[in-house]
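Observations on the three-dimensional arrangement
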Amino acid sequence: KENKNMYAAVGLHPIHVYDEEFKQEDYLKLIATGKVVAMGETGFDYYHIQESLNKGAKSVEEVIKKQEKIFKEHIKLAEDNDLALIVHGRNSQDGRNAYQDIYRVLKETKLERKVVHCFGGNLEEAKQMVAIGCSLGFTGIVTFDKTGVLEQIVKWIPEDRMLIETDAPYLAPVPYRGKRNEPAYVEHVAEKIAEIRAKTKEEIIDIANNNAIKLFKL
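Below, the structure is looked at part by part. Computed from a prediction, not measured in an experiment: that's the story for all the values here. (Residues numbered from 1 in each chain as written. Predicted model: local features only at pLDDT ≥ 70, side-chain atom pairs only at ≥ 80, totals over all residues. Heavy atoms only, no water.)

Brief notes about the sheet that holds strand 4 (residues 114-116)
- Here six strands make up an open sheet; going across it, the order is 1-2-3-4-5-6 and the pairing parallel. Among the strands making up the open sheet, the edge pair consists of strand 1 (8-10) and strand 6 (162-164). The mean inter-strand angle of the sheet, taken between neighbouring strand axes irrespective of direction, is 30 degrees.
- Examined bridge by bridge, strand 1 and strand 2 (residues 36-45) share three bridges and lie parallel to one another. Residue pairing for strand 2: Ala9 is matched across the bridge by Ala38. (Pairing = 2+ DSSP bridges. Helix = DSSP H or I, 4+ residues; strand = E, 2+ residues; numbered from the N terminus. Axes fitted to C-alpha atoms, helices over the stretch in contact; angles between N-to-C directions.)

Comments concerning unusual backbone geometry
- Residue Pro169 follows Ala168 across a cis peptide bond; omega there is 10 degrees.
- The omega torsion of the bond from Val174 to Pro175 falls at 15 degrees, within 30 degrees of zero and hence cis.
- Its place among the elements puts Pro175 in the loop between strand 6 and helix 7 (186-197).
- A positive phi is found at Leu171, a non-glycine position, where the angle reads about 55 degrees.
- Relative to the elements of secondary structure, Leu171 occurs in the loop between strand 6 and helix 7.

Some details on the pattern of salt bridges
- Scanning all chains against the criterion turns up 14 salt bridges.
- In this structure, Arg113 and Asp82 form a salt bridge, with 3.3 Å as the shortest nitrogen-oxygen distance. Remark: Asp82 occurs in the loop between helix 3 (60-80) and strand 3 (84-90) and Arg113 occurs in the loop between helix 4 (98-106) and strand 4; sequence separation between them is 31 residues.
- Using a relative accessible area of 45% as the deciding quantity, one classes Asp82 as partly exposed. (Salt bridge = Lys/Arg side-chain N within 4 Å of Asp/Glu carboxyl O. Buried < 20%, exposed > 50% of the residue type's maximum accessible area, 1.4 Å probe, protein only.)

Details of helix 4
- The element helix 4 is largely enclosed, with a buried count of seven among its nine residues.
- Where helix 4 is buried, its residues contact strand 2, helix 3, strand 3, strand 4, helix 5 (123-131) and strand 5 (134-138).
- The opening residue of helix 4 is Asn97, an N-cap whose side-chain oxygen sits 2.8 Å from the backbone nitrogen of Tyr99. (Contact = heavy atoms within 4.5 Å. Polar contact = N/O pair within 3.5 Å; in protein donor to acceptor, adjacent residues only side chain to side chain.)

Quick notes on the nonpolar core
- Core analysis: the biggest nonpolar cluster contains 54 residues, and Met39, Leu85, Leu106, Met129, Leu136, Phe138 and Ile193 have the highest contact counts within it.
- By residue number, the principal contributor to this core is helix 3, which donates seven residues.
- Ignoring sequence-local partners within four residues, the contact set of Leu136 consists of Val115, Val116, Phe119, Ala126, Met129, Val130, Ile153, Ile157, Arg161, Met162 and Leu163.
- Ala38, Ile86, Ala212 and Phe216 belong to the second largest nonpolar core, which has nine residues in total. (Core = buried A, V, L, I, M, F, W, Y, C linked by side-chain atoms within 4.5 Å.)

Side note on the pairing of strand 5
- Of all five residues making up strand 5, five are buried, and the element is well covered by its neighbours.
- By the alternation rule, side chains of strand 5 split into Cys134, Leu136 and Phe138 and Ser135 and Gly137, which are all buried.
- Both strand 4 and strand 5 contribute to a ladder of three bridges, which runs parallel. Residue pairing in the sheet places Val115 in a bridge with Ser135 of strand 5.
- A crossover connection joins strand 4 to the parallel strand 5 through helix 5; in handedness this β-α-β unit is right-handed.
- Here strand 5 runs beside strand 6; their pairing, made up of three bridges, is parallel. Within strand 6, the position partnered with Gly137 by the bridge is Leu163.
- With helix 6 (residues 149-156) bridging strand 5 and the parallel strand 6, this β-α-β connection has right-handed handedness. (Right-handed = clockwise from strand over helix to strand, strands pointing away.)

See the structure below:
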């Protein structure tokens, strides 16, 4: 039985660009079902580049070039079909910055509805993303981040650009740290953000819910 309250995002994650071909016709068939509200997640992942090299990529530069090509194909499908875009970014351990490349690509697009999910950049990068119309998604990391960076961003971010998410089955928030994450645990993300922004949990849930409805045209 169809669940009228469930929708889909479809895409080829950047860590899998050497696992399968991005076939536009396959995604168009999915979009035609009427249940797809976003393309993604897509973007740049520099943390797992070695895995792509193990799958046959000849160089780091080749991996990044292929990730960018497929990222832009996601953007084109989102633009052509009035869909939102869910963007993934992860820096490498040696300092290669995925967020600067995301910004470079996105600032050249006219796509209005886009979110950088599980945001892991710094405050300046957050400001860059919001300036070009991105929303930012916050996960369980905000409940155990010891750097203070996410707290800075959560305090600063405009209310209409803030989303909360689980990234399940990963990144379970306190008090479930180290366990399999579940969608219901997003409540604890809302609680922490409410604490940081001096609001009630219910207010944060309402804000995030309304932002999600607008982003995905639900």
